[in-house]
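Observations on the model geometry
Read off the chains here:
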Amino acid sequence: MAAPKKAVLGPLVGAVDQGTSSTRFLVFNSKTAELLSHHQVEIKQEFPKEGWVEQDPKEILQSVYECIEKTCEKLGQLNIDISNIKAIGVSNQRETTVVWDKLTGEPLYNAIVWLDLRTQSTVENLSKRIPGNNNFVKSKTGLPLSTYFSAVKLRWLLDNVEKVQKAVREDRALFGTIDSWLIWSLTGGANGGVHCTDVTNASRTMLFNIHSLEWDKDLCQFFGIPKKILPNVRSSSEIYGLMKISHSLKAGALEGVPISGCLGDQSAALVGQMCFRDGQAKNTYGTGCFLLCNTGRKCVFSDHGLLTTVAYKLGRDKPVYYALEGSVAIAGAVIRWLRDNLGIISSSDEIEKLAKEVGTSYGCYFVPAFSGLYAPYWDPSARGIICGLTQFTNKCHIAFAALEAVCFQTREILDAMNRDCGIPLSHLQVDGGMTNNKILMQLQADILYIPVVKPSMPETTALGAAMAAGAAEGVGVWSLEPEDLSAVTMERFEPQINAEESEIRFSTWKKAVMKSMGWVTTQSSESGDPSIFCSLPLGFFIVSSMVMLIGARYISGIP
């Protein structure tokens, strides 16, 4: 019997989407932007001490190989010829920091994740040394001096990890964010791997001058970072190198396919949402929550706690575009916390069912400041609290309050963006895994009091990476001309409560935020001894108290 004929499709483009919680590999039709197949693997996070968040770089790399392999298998089952994959793009969690040995390919320490807080004392010590005025770092990078960004994580590794110190002395060490680690590994690793990053990821390190688009000598000197360990900075859309597949991978057909797109995840989502015009904005709901507004070819500096960042540079000879960004550390991560730490849900999608049961938080407010507060407060000493509890409060109310918290945090950064830009957004474009939750989307429209607009295909981060890869010079299978871009069908959520009620809920939330601030001292947050008890999040004590109260009532026979 003749073998079934392979489906004939236009050129295909693959995208590695390496996020904080999971890795995915997705394959798109470059002519229609249709998602043909994908595979996803959850990534473990390790919490060796209070405030520390790490991941294993080898596990991340292995998850990429697994996702590529499984997606290729699925395409085969669909009778789609994987030799049609003409390019691969990479999108990644941005500030997460890896240092590895260029001779062996081995990581020299776990990846320090963007959420990690161990560098608080490093930040405090550096802030005392800022020369001249306090805008030294911000004026060059668009970023405040914060635990969030890579330079201080790298500084911590250089100060505390002997293997890193030795490798730097012996000229064996390479630094990179996750995109650099993946591209180096996928293009040959220790056998000729390409050590590079793109402008969007470089702009999140606090070492990159966003005006000159180069590593900044003064910043490297200030943070004490040797420039020789930094990757080469390239545009977001060009051929960096060719795939060299490990022998263990069945998907050998991808050998020699160019890796030609690279964008930090939030920039990738901006491209995937096709926010190419000045003033267009999108909000991505992932582990954290990130609102980006395209400010065109000019840097706009915020007076209201937002970041100035590189949006994209889609080609070596193409202009650079900038964005204002509001960053929220904990969004989807709060759902994972309710699942893994409290056990009140067994899977992430259960939260919608719990929230639907009550339809209100019943006066309960949740500030998930597990990693301090990012925009617009930038308070690393804040910690999570759940307040407004009564004996009536149950897990459904806490679930609802967790969803509301994501929406309130978005409202905070949207308000800041409206004040900076002067023209309020008339609607909010959204994407990311959490947008599948209809209660969350309706709540978001109610709390913002503007419509929320969601594309029918929510994988816009991967789509953006694929677009950049397919459009690269030398690949040329994806047109970024406005008239050629596929029309996207949208789902729209309109506000359903009155503006006054929305304002009351928001002002009560802000009261809760004030109570979460100034919770931790540097000493307690960085020690590994029993005194860490002093810095446990207030939410921990509240939930513990609830459990003890309920237990006591049960034992004493009180109904």
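Residues numbered from 1 in each chain as written. Predicted model: local features only at pLDDT ≥ 70, side-chain atom pairs only at ≥ 80, totals over all residues. Heavy atoms only, no water.

As named in an unreviewed UniProt entry, the protein chain is glycerol kinase, taken from Hipposideros armiger. The protein chain has a UniProt comment under Pathway (unreviewed entry) that states "Polyol metabolism; glycerol degradation via glycerol kinase pathway; sn-glycerol 3-phosphate from glycerol: step 1/1." Under the heading Sequence similarities (unreviewed entry), UniProt records this for the protein chain: "Belongs to the FGGY kinase family." (UniProt positions renumbered as here; feature names shortened; annotations may be inferred.)

Quick look at the sheet that holds strand β17 (residues 307-312) now. As summarised here, the arrangement of the seven strands in space is β17-β18-β16-β15-β21-β22-β23, forming an open sheet in which the pairing is mixed. The sheet is open, and its two edges are formed by β17 and β23 (490-493), each paired on a single side. Shown here is a sheet whose adjacent strand axes are inclined to one another by a mean of 30°, direction ignored. Pairing analysis gives three bridges linking strand β15 (residues 281-285) to strand β21 (residues 428-431), with the strands arranged parallel. Bridging from a neighbouring strand, K282 pairs with Q429 of β21. (Pairing = 2+ DSSP bridges. Helix = DSSP H or I, 4+ residues; strand = E, 2+ residues; numbered from the N terminus. Axes fitted to C-alpha atoms, helices over the stretch in contact; angles between N-to-C directions.)

If you trace the backbone, T197 turns up in strand β9 (residues 196-198). Within the local environment of T197, its side chain forms a polar contact with the side chain of D179, the two groups lying 2.7 Å apart. Contact partners of T197, with chain neighbours within four places excluded, come to T177, D179, S180, A202, W215, P231, N232, V233 and R234. (Polar contact = N/O pair within 3.5 Å; in protein donor to acceptor, adjacent residues only side chain to side chain. Contact = heavy atoms within 4.5 Å.)

Here the focus is the pattern of salt bridges. If you walk through the whole model with that rule in mind, you get 31 salt bridges. The salt bridge involving D265 is made with R94; its shortest N-O contact spans 3.5 Å. Within this pair, whereas D265 is found in helix α9 (residues 265-272), its partner R94 is found in the loop between β5 (85-92) and β6 (97-101), the two being separated by 171 residues in sequence. Here the two residues D265 and R94 agree in accessibility, since each one is buried. D216 is paired through a salt bridge with K140; the nearest N and O atoms lie 3.0 Å apart. Of this pair, D216 sits in the loop between β11 (214-215) and α8 (217-223) while K140 sits in helix α3 (residues 136-141), and the two are 76 residues apart along the sequence. Just as D216 is buried, K140 falls in that class too. (Salt bridge = Lys/Arg side-chain N within 4 Å of Asp/Glu carboxyl O. Buried < 20%, exposed > 50% of the residue type's maximum accessible area, 1.4 Å probe, protein only.)

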